[in-house]
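The chain contents come next:
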Amino acid sequence: MTLGLILAVLGVAISIYYGRKQGRPQPSRRPKIAVRVTNNIPVYDLPGGRQELGDHFVAVEAVNTGEQAITITGWGIELPDGRGVFVTRPPNWATRLPHELRPGAAPARLLIPADDLRRINQDDNIAFDDMRPYIDLADGTNVYADRPVPLA
């Protein structure tokens, strides 16, 4: 009888322990990525201390704010008619894809020439506010930028 009572009390204590452990909020296993879009104009240092502005780009930057690494497999600019704009030959200083983005690491920087987006704006009459930058993650998720293309 004493053994049965001890086992019963032990069983209740174990159930309470595991019940509380399961009731605790668990960290999210979903990736947490912040995507922002900015204008980007590189500045080149020249001999003699001079500087020269480079071409104008729109930069889509992704930062991992979560707790686990995630791989960026693609990116683009979504147009309102469902088409997408993609860069097949990025500048050599853009982040190469696929790219593993670790928590706390430097942002992935993806670039498209601003002139390409201006051409779409003029030729197809698509407003910059209707151009939505996004990134594709290896888990199949698309994450959109914090705002549309910042051109006027």
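Please refer to the structure placed before this passage.
None of the values given here were measured: they were computed from a predicted structure. (Residues numbered from 1 in each chain as written. Predicted model: local features only at pLDDT ≥ 70, side-chain atom pairs only at ≥ 80, totals over all residues. Heavy atoms only, no water.)

Trainee: Quick question: what am I supposed to make of the overall build of the protein chain here?
Mentor: Regarding its fold elements, the protein chain presents two helices and ten strands. Ordered by position in the sequence, the α and β elements of the protein chain form the string α-β-β-β-β-β-β-β-β-α-β-β. Across the 152 residues in the protein chain, those meeting the buried criterion constitute 31%. When the accessible surface of the protein chain is summed, it comes to about 10,000 Å², and 52% of that surface belongs to carbon and sulfur atoms. (Helix = DSSP H or I, 4+ residues; strand = E, 2+ residues; numbered from the N terminus. Buried < 20%, exposed > 50% of the residue type's maximum accessible area, 1.4 Å probe, protein only. Areas by Shrake-Rupley, 256 points an atom, 1.4 Å probe, with all protein chains shown as cover.)

Trainee: Is there a simple way to think about the sheet that holds strand β1 (residues 33–40) in this case?
Mentor: In spatial order, the strands read β1-β4-β8; together these three strands make up an open sheet with antiparallel pairing. Of all the strands in the sheet, just β1 and β8 (108–113) have a single pairing partner and so form its edges. The mean angle between the axes of side-by-side strands here comes to 20°, regardless of whether they run parallel or antiparallel. Taken together, the six bridges between strand β4 (residues 57–64) and β8 define a ladder with antiparallel strand orientation. (Pairing = 2+ DSSP bridges. Axes fitted to C-alpha atoms, helices over the stretch in contact; angles between N-to-C directions.)

Trainee: Even after reading the chapter, I still don't get helix α2 (residues 114–123), so can you show me in this structure?
Mentor: Helical geometry note: an α-helix holds 3.6 residues per turn, so side chains three or four residues apart project in the same direction. Among the residues of α2, Ala114, Leu117 and Ile120 are the ones counted as buried. Seen from one end, α2 has its buried residues packed into an arc of 120°, which puts them on one side. Opposite the buried face of α2, at more than 90 degrees from it, the exposed residues are Gln122 and Asp123. Against β4, β5 (70–78), β6 (84–85) and β8 lie the buried residues of α2. Positive phi appears at Asn125, one or two residues downstream of α2, with a value of about 55°. (Arc of directions from axis to C-beta. Contact = heavy atoms within 4.5 Å.)

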